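Each chain, letter by letter, is given below.
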Amino acid sequence: MARFTKSQCRPCPARTQCTSTADNARTVGFPPRELRDLQLRIRTEQQTPEWKTRYAVRSGVEGTVNEFAHGHGMRRCRYRGQGKAHIQHVLTAIAVNIERLSGLPPTEESPIPRRPTALQNYLDQREIPRPKSWRTLGT
């Protein structure tokens, strides 16, 4: 730690760029050599494409957590009890997913229809008519 007094800082021509404290004094901290070397090594590693690729995943997760905490008030639970809190979290996640899906552009191609079931194939092979929706059988 290095401390500079007012009398040392005042005559310095770079004082306005250096400090903005009320008493115009400055304190500079120097980390231990091991910590400084570790910081330099990690900062160098952070510039590699491999590290940036790994961090991209974390960045997405951090963004989602931040959205929940600040955008949807998830720092405070509205209900008491773990079960109710869990339901609040699940419903909020569903709402966020719906909101995100609604912002996606519509797809150009139509969805691929599902393959018929074995019963539908059986009815088609025997030319037995079947209703459009199996849910309307009772009506």
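Attention here is on the structure that accompanies the text. (Residues numbered from 1 in each chain as written. Predicted model: local features only at pLDDT ≥ 70, side-chain atom pairs only at ≥ 80, totals over all residues. Heavy atoms only, no water.)

## Remarks on the overall build of the chain
Okay, step 1: If you tally the helices and strands in the chain, you get six helices and two strands.
Okay, step 2: Starting at the N terminus and ending at the C terminus, the chain contains elements arranged as β-α-α-β-α-α-α-α.
Okay, step 3: With 139 residues in all, the chain has 10% of them scored as buried.
Okay, step 4: For the chain, contacts bridging at least 24 residues in sequence account for 32% of all contacts bridging at least 6. (Helix = DSSP H or I, 4+ residues; strand = E, 2+ residues; numbered from the N terminus. Buried < 20%, exposed > 50% of the residue type's maximum accessible area, 1.4 Å probe, protein only. Contact = heavy atoms within 4.5 Å.)

## Let's talk about the side chain of Thr 92
Okay, step 1: Relative to the helices and strands, Thr 92 resides in helix 5 (residues 82–102).
Okay, step 2: Looking at Thr 92, the relative accessible area reads 15%, which means it is buried.
Okay, step 3: Once you skip the residues sitting within four places of it in the chain, Thr 92 turns out to touch Phe 68, His 72 and Met 74.

## Things to note about the pattern of salt bridges
Okay, step 1: Overall, the coordinates contain four salt bridges when judged by the stated rule.
Okay, step 2: Where Arg 58 meets Glu 62, a salt bridge forms, and the shortest distance between an N and an O atom there is 3.4 Å. Here the residue Arg 58 and the residue Glu 62 both occupy positions in helix 4 (residues 49–71), the gap between them amounting to four residues, near one helical turn.
Okay, step 3: Note that Arg 100 is salt-bridged to Glu 67, the shortest N-O span being 2.7 Å. Placement of the pair is Arg 100 in helix 5 and Glu 67 in helix 4, with a sequence separation of 33 residues. (Salt bridge = Lys/Arg side-chain N within 4 Å of Asp/Glu carboxyl O.)

## Brief notes about helix 4
Okay, step 1: Taking 1.5 Å as the rise per residue, helix 4 with 23 residues should run 33 Å; its terminal C-alpha atoms sit 31 Å apart, in good agreement.
Okay, step 2: By the largest-angle criterion, Ala 56 marks the main kink of helix 4, which is about 25°.
Okay, step 3: Just downstream of helix 4 lies Gly 73, where phi reads positive at about 65°. (Expected span 1.5 Å × (residues − 1). Bend = angle between axes of the 7 residues up to and from the residue.)

## Comments concerning a nonpolar patch on the surface
Okay, step 1: Together, Ile 87, Val 90, Leu 91, Ile 94 and Ile 98 give the surface a local cluster of nonpolar side chains, amounting to about 450 Å² of exposed area.
Okay, step 2: Along the chain, Ile 98 turns up in helix 5. (Patch = residues over 30% accessible without salt bridge, like charges linked within 9 Å, V, L, I, M, F, W, Y side chains within 5 Å. Areas by Shrake-Rupley, 256 points an atom, 1.4 Å probe, with all protein chains shown as cover.)

Interpretation note: all reported values are geometric properties and have no functional meaning in isolation.
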